[in-house]
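Examination of the molecular architecture
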Amino acid sequence: MKKGNIDVHCHLLNGRFAFDELLEIGWRWMHDDYPYKDGQMRRSVRSVKLPLPPFIRGLILYAASLFEAVTRDPEGNYRYELDCYAESAFSDSLPLLAVPLMMDIYFIFDDGGAHGRRSTPGTLTLAKRRASLEPLHVGKNLQVPFDAFAEEMKELVLQEVSERMAKEGRRAAAAVSIKKKELAEQLDAIIGECRAPREKKAGTRGSSGAGDVQMTRGYRNHIDALGEIRRKNPDSVFPFLAVDPRRIGIDRLVNDHVLHGDFQGVKLYCPLGYLPSHPDLNPVFRICIANGIPVTAHTSPGGFPSQSGEIRTFSRKKDGSVVPVFFNKAAFVKKRKPAGGECAASLFFADPLNWLEVLESPGFENLKVNFAHFGGEENIRAFAGGKAKADNWTACIVELMERYDNVYADISYCPGSDMPSLIEKIVRVHPKAGQRLMFGTDYVMLMINGCGLTSYFNEYMALPPAMLSDNAARFLKRS
Ligand SMILES: [Zn+2]
């Protein structure tokens, strides 16, 4: 790895990723095949007009927000980040190294069987698991209903994008109609690719959906895109593979793409409905510990959480026993009402205290973990200002840093020009944090909220070199 300033937390995804997954989730759901195949098809697929999944709106909003804010492909997103860096006050400084993190939104509606629609992953028979591994395929006899479904998804995304543009009044009517036309063409192209069987590309081992792993279109395409950017920029781009323990064969994916592939580390997004102590993450963490592979986990009370009101899942305790866990949003909110910008599922699943069962497991104390967002802006402010409540996440992460040598945190998505001085205040009292905190942008998510990347770079110019470079270099280094 060359010496550089490191953006240890960015994303290069775009609307295409979300639309790919939207089509896959919706289509599979209508065939009782989401997130796994379970039983025979109960819904009619002969009628052209299919009932849409009731929860799909959240995903349409997500896709629309990405299509509106991010107009480039992953490689274009990377070039744009380099351009902003060159434009910023960093221009005379070290080169920029980027750590693009993948997302895996496929399980966003999975309730783990809380509503009895399917059995839990642990009890799925092998035959059913195998059936779930079949790539999304639109057979000839399903062409008409698929086209009707995809067309409806396309219209809903287009409608949402134009409503957003109109509301913000940012563009003239003519520009809106050009954008709509371009977007419609883009969506048509994606739909067309869903119909065509995917040709096997050489050198993309494990990403064809063959073998024992479950692949979805958006996930697979994003692995390919990030792998290509890495191969073109081997010394300056270090992608992280999105890991969700519910994806069948996830340890195999980590083996193929992280241990023996183009990916540097592992990304977890627990608010989508699982704990870091999920039993199927255990083999993944073992690979990470044995090879010094870094893990980044979303740790702020906001973000893009599971859309299920109830989730049935499991937790592996430090003594090795596995216990069931049940999340009930309504009951949770009664006890701990989320403040503005907070989400119940994030508060429940992304709580840094959940990591104790992992880090206190025998042999797991050296796992390298980055608690992304350092507990989130509000927690950082309260902690730096000496107003932290007992359950302050930033305080908890600092305590973990003081206890474990390989606990890190990034300060991505923390807008506010006073942030570097708040961080400095924390480090004065807790010097360990000065050796573990890392710079990050959360680009392209930053764009969705209308923040400029160049000005973000300028605001963080004030960070000490350890946080801009050395700490992240140590975190990323594999053994
Ligand atoms: Zn992020």
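Since the model is a prediction, treat every value here as computed from it, not as a measurement. (Residues numbered from 1 in each chain as written. Predicted model: local features only at pLDDT ≥ 70, side-chain atom pairs only at ≥ 80, totals over all residues.)

1. A look at the packing of helix α1 (residues 15–30) against helix α7 (residues 217–232)
For the pair α1 and α7, interaxial distance at closest approach is 7 Å and the crossing angle is 150°. It follows from the interaxial angle that α1 and α7 lie roughly antiparallel. Facing Phe17, Ala18, Asp20, Glu21 and Glu24 of α1, the residues of α7 in contact are Arg217, Gly218, Asn221 and His222. Partitioned by chemical class, the residues of the contact of α1 with α7 number 2 nonpolar, 3 polar and 4 charged. (Axes fitted to C-alpha atoms, helices over the stretch in contact; angles between N-to-C directions. Helix = DSSP H or I, 4+ residues; strand = E, 2+ residues; numbered from the N terminus. Parallel < 35°, antiparallel > 145°, perpendicular 65-115°, else oblique. Contact = placed C-beta atoms within 7 Å. Nonpolar A, V, L, I, M, F, W, Y, C, P; charged D, E, K, R; others polar.)

2. Details of helix α9 (residues 282–291)
Restricting attention to buried positions, one finds in α9 the residues Val284, Phe285 and Cys288. Buried residues of α9, viewed axially, fall in a sector of 95°; they line one side. Phi turns positive, to about 65°, at Gly292, one or two residues after α9. (Buried ≥ 20, exposed ≤ 12 C-beta atoms within 10 Å, placed from the backbone. Arc of directions from axis to C-beta.)

3. Observations regarding the sheet that holds strand β9 (residues 407–410)
Read across the open sheet, the 6 strands follow the order β3-β4-β5-β8-β9-β10; overall the sheet is parallel. Looking along the sheet, the strands with just one partner apiece sit at the ends: β3 (240–242) and β10 (437–438). Direction of pairing for strand β4 (residues 265–268) relative to strand β5 (residues 295–298): parallel, over a ladder of 3 bridges. From the neighbouring strand, Lys267 faces β5, where its bridge partner is Thr296. (Pairing = 2+ DSSP bridges.)

4. Some points on helix α6 (residues 173–195)
An ideal rise of 1.5 Å per residue puts 33 Å on 23 residues; α6 measures up with 33 Å between its terminal C-alpha atoms. Within α6, burial applies to Leu183, Leu187, Ile190 and Ile191. Buried residues in α6 make contact with α1, α2 (57–69) and α5 (143–168). (Expected span 1.5 Å × (residues − 1).)

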